[in-house]
Amino acid sequence: MSTIPARVIATSFSLVAFALCLIAGTYAGNDYATVLSRSIMVMMLTWIVGRIIGTVMQATVEDYINRYKVAKPVPVVELLSDDSADSEYAKMGEEVTVDVDEENQRLSNDDIDIEELLNAA
């Protein structure tokens, strides 16, 4: 289990808390040493909280992925070789022919009447 997502969440929490504490402390009019020391203390505490939340979230997502893989496994497809012409799979893959006049199925720009389309709109 990788701990990278949990660390990213913890770091994001702590940096946001640090920035908010700097802004709030400066706005309140506290001196810079007090603001900086409190902001660093809050940053360390929120990193711990963020690490716990990140670990729980990561475990939840990994559990969901594992349950999904068990419930809906990837189907195994058997490959056919050329020498299995009489197998059941080869009979299912026989060529189907359909008589279609391809010349009448194609539509070109010459077949479209632009004035008729404009009048219909």
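Here we look at the overall build of the protein chain
Okay, so step 1: When you go through the protein chain residue by residue, the secondary structure sums to five helices and zero strands.
Okay, so step 2: Sequence-ordered secondary structure for the protein chain, helices as α and strands as β, is α-α-α-α-α.
Okay, so step 3: Counting the 121 residues in the protein chain, one finds 11% classified as buried.
Okay, so step 4: When contacts within the protein chain are restricted to residue pairs at least 6 apart in sequence, those whose partners lie at least 24 apart make up 65%.
Okay, so step 5: Carbon and sulfur atoms make up 62% of the accessible area of the protein chain, which amounts to about 10,800 Å² in all.

Re the pattern of salt bridges
Okay, so step 1: What the rule picks out here adds up to one salt bridge.
Okay, so step 2: When the shortest N-O distance is used, the salt bridge between R67 and D63 registers 3.3 Å. Here R67 pairs with D63, and both are found in helix α2 (residues 32–71), just four residues apart, close to one helical turn.

Some words on helix α1 (residues 4–28)
Okay, so step 1: Spanning 25 residues, α1 covers 36 Å between terminal C-alpha atoms, matching the ideal 36 Å at 1.5 Å per step.
Okay, so step 2: Of the residues making up α1, those classed as buried are A6, I9, A10, S14, A17, F18 and G25.
Okay, so step 3: Among the structural elements, α2 are those in contact with the buried residues of α1.
Okay, so step 4: Looking one or two places after α1, you find G29, whose phi comes out positive at around 90 degrees.

Comments concerning the side chain of S39
Okay, so step 1: Relative to the helices and strands, S39 resides in helix α2.
Okay, so step 2: Engagement of the side chain of S39 in a polar contact is seen with the backbone nitrogen of L22, the distance being 3.3 Å.
Okay, so step 3: Leave out the neighbours within four places in its chain, and S39 touches F18, C21 and L22.

Quick word on the confidence of the model for the protein chain
Okay, so step 1: Overall, the predicted model of the protein chain reaches an average pLDDT of 79, with 64% of residues at or above 70.
Okay, so step 2: By mean pLDDT, the top-scoring element of the protein chain is α2 (94), and the lowest-scoring one is helix α3 (residues 88–92) (54).

Comments concerning the packing of α1 against α2
Okay, so step 1: Running from amino to carboxyl end, α1 crosses α2 at an angle of 155 degrees, the nearest separation of the two axes being 6 Å. Classified by the angle between their axes, α1 and α2 sit roughly antiparallel to one another. In the packing of α1 onto α2, the handedness of the crossing is right-handed.
Okay, so step 2: Of the residues in the contact of α1 with α2, the class split is 19 nonpolar, 10 polar and two charged.

A look at α2
Okay, so step 1: Taking 1.5 Å of rise per residue, 40 residues should cover 58 Å, and α2 covers 56 Å from first to last C-alpha, within 8% of that figure.
Okay, so step 2: Listing the buried residues of α2 in full gives V35, S39, G50, G54 and Q58.

Some details on a nonpolar patch on the surface
Okay, so step 1: A surface patch of nonpolar side chains, about 860 Å² in accessible area, is lined by L36, I40, M41, M44, L45, W47, I48, I52 and V56.
Okay, so step 2: Among the secondary structure elements, V56 is positioned in helix α2.

What counts, and at which threshold
- Residues numbered from 1 in each chain as written.
- Predicted model: local features only at pLDDT ≥ 70, side-chain atom pairs only at ≥ 80, totals over all residues.
- Heavy atoms only, no water.
- Helix = DSSP H or I, 4+ residues; strand = E, 2+ residues; numbered from the N terminus.
- Buried < 20%, exposed > 50% of the residue type's maximum accessible area, 1.4 Å probe, protein only.
- Contact = heavy atoms within 4.5 Å.
- Areas by Shrake-Rupley, 256 points an atom, 1.4 Å probe, with all protein chains shown as cover.
- Salt bridge = Lys/Arg side-chain N within 4 Å of Asp/Glu carboxyl O.
- Expected span 1.5 Å × (residues − 1).
- Polar contact = N/O pair within 3.5 Å; in protein donor to acceptor, adjacent residues only side chain to side chain.
- pLDDT = per-residue confidence, 0-100.
- Axes fitted to C-alpha atoms, helices over the stretch in contact; angles between N-to-C directions.
- Parallel < 35°, antiparallel > 145°, perpendicular 65-115°, else oblique.
- Left-handed = near helix turned anticlockwise from the far one by under 90°.
- Nonpolar A, V, L, I, M, F, W, Y, C, P; charged D, E, K, R; others polar.
- Patch = residues over 30% accessible without salt bridge, like charges linked within 9 Å, V, L, I, M, F, W, Y side chains within 5 Å.

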